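Descriptive structure summary
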Amino acid sequence: MSKKAKAEEMDGIVSEENISTEENGQDQEIDSEKSALTEEEILREDLAKEKDKFLRLFAEFENYKKRTSKERMDLFKTAGQEVIVSLLPVIDDFDRALKELAKSDDTEMFKGVELISTKLRETLKSKGLEEVAVEQGDKFDAEVHDAITQIAAPNKKLKGKIIDVIEKGYKLGDRIIRHPKVVYGN
């Protein structure tokens, strides 16, 4: 082979290597772009996961704040429940005393006891205490009334209805703290 032929052959090999090197470089660039895209996609997915975690945590915290706020409000509404429940027998005693004093001739004592009773009731009413309204002839409801006993109804109209109220019932806010004790007809 001549030098010229060898040189041309060498140029062909070099040019093929350059072409393959260029192709490899392009392949490497494409591979690096793919890996960059996949890295970018991975980072975006991680960011989306973290955002989702954050939103869930934030929503959970908001629910916690609402729940504790509601519990606190309920606690404030019924904070004095134990004290009020312990004062209910005093109210009952005032009712009995007023009944007996109404029979006597001492109007000044009756007015004094009535004034104290009214003041106590108004104070407790301002704290949320309400009397459960129950009258003779009302329909008996086991959810609200506490049946002391049942007797034969004196007439058909009183069957399944309240015949007598033994002890008044009270509620604090929406919650019944003492059920009215009643006798109902069967």
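Structure's up top.
Below: a short report on this structure.

About the criteria used
- Chains are numbered independently. Their residues run from 1 in the order of the written sequence.
- Side-chain atom pairs in this predicted model are given and counted only at pLDDT of 80 or more, local residue features only at pLDDT of at least 70, and totals for whole chains, interfaces and linings cover all residues.
- Excluding hydrogens and water, the side-chain values take into account all heavy atoms of the structure.
- Simply put, an axis is a line fit to the C-alpha atoms, just over the touching stretch for a helix, and the angle between two N-to-C directions goes from 0 to 180 degrees.
- Secondary structure elements are taken from DSSP: a helix is a run of H or I of four residues or more, a strand is a run of E of two residues or more, and numbering for both begins at the N terminus.
- When an angle is under 35 degrees it counts as roughly parallel; over 145 it counts as roughly antiparallel; between 65 and 115 it counts as roughly perpendicular; any other value is oblique.
- Crossing handedness is read from the near helix: turned anticlockwise from the far helix by less than a right angle, it gives a left-handed crossing, and turned clockwise, a right-handed one.
- Pairs of residues are marked as contacts when any of their non-hydrogen atoms sit within 4.5 Å.
- Within this scheme, the nonpolar core is defined by two criteria: the residues are buried Ala, Val, Leu, Ile, Met, Phe, Trp, Tyr or Cys, and they are joined through side-chain atoms within 4.5 Å.
- Three labels apply to residues, based on accessible area from a 1.4 Å probe with only protein chains included: buried if under 20% of the type maximum, exposed if over 50%, partly exposed otherwise in between.
- Here, a strand pair is defined by DSSP locating no fewer than two bridges between the strands.
- When the centres of two rings from Phe, Tyr and Trp lie within 6.5 Å, Trp using its six-membered ring, the rings pair. Their planes under 30 degrees apart give stacked, over 60 give edge-to-face, and anything left gives tilted.

A look at the packing of helix H2 (residues 81-103) against helix H3 (residues 107-126)
Relative placement of two packed helices is described by the angle separating their axes and the distance separating the axes. At a minimum axis separation of 10 Å, H2 and H3 run at an interaxial angle of 155°. Classified by the angle between their axes, H2 and H3 sit roughly antiparallel to one another. The handedness of the crossing between H2 and H3 is left-handed. Here Ile84, Leu87, Val90, Ile91, Phe94, Asp95, Ala97, Leu98, Leu101 and Ala102 of H2 lie close against H3, whose contacting residues are Met109, Phe110, Val113, Glu114, Ile116, Ser117, Leu120, Arg121 and Leu124.

Description of the nonpolar core
The nonpolar side chains of soluble globular proteins are, as a tendency, buried together. In terms of nonpolar packing, the biggest core is built from 8 residues, these being Ile84, Leu88, Ile91, Leu124, Leu129, Tyr170, Leu172 and Ile177. Looking at this core element by element, the count peaks at 3 residues for H2. By size, the runner-up hydrophobic cluster in this structure holds 6 residues, among which are Val132, Phe140, Ile162 and Val182.

What to know about the sheet that holds strand S2 (residues 146-151)
With respect to topology, 3 strands assemble into an open sheet ordered S2-S6-S3, the strand pairing being mixed. Edge positions in the sheet fall to S2 and strand S3 (162-167), since each has one partner strand and no second. Taking each pair of neighbouring strands and ignoring which way they run, the sheet shows an average axis angle of 25°. Here S2 runs beside strand S6 (residues 181-185); their pairing, made up of 5 bridges, is parallel.

Observations regarding the packing of aromatic side chains
If you walk through the whole model with that rule in mind, you get 3 aromatic pairs. Both rings, one in Phe54 and one in Phe58, keep their centres 6.2 Å apart while their planes meet at 25°; by these two values the pair is stacked. With Phe54 and Phe58 both in helix H1 (residues 3-77) and 4 residues apart, the pair spans about one turn of that helix. The class for Phe54 is exposed, based on a relative accessible area of 54%.

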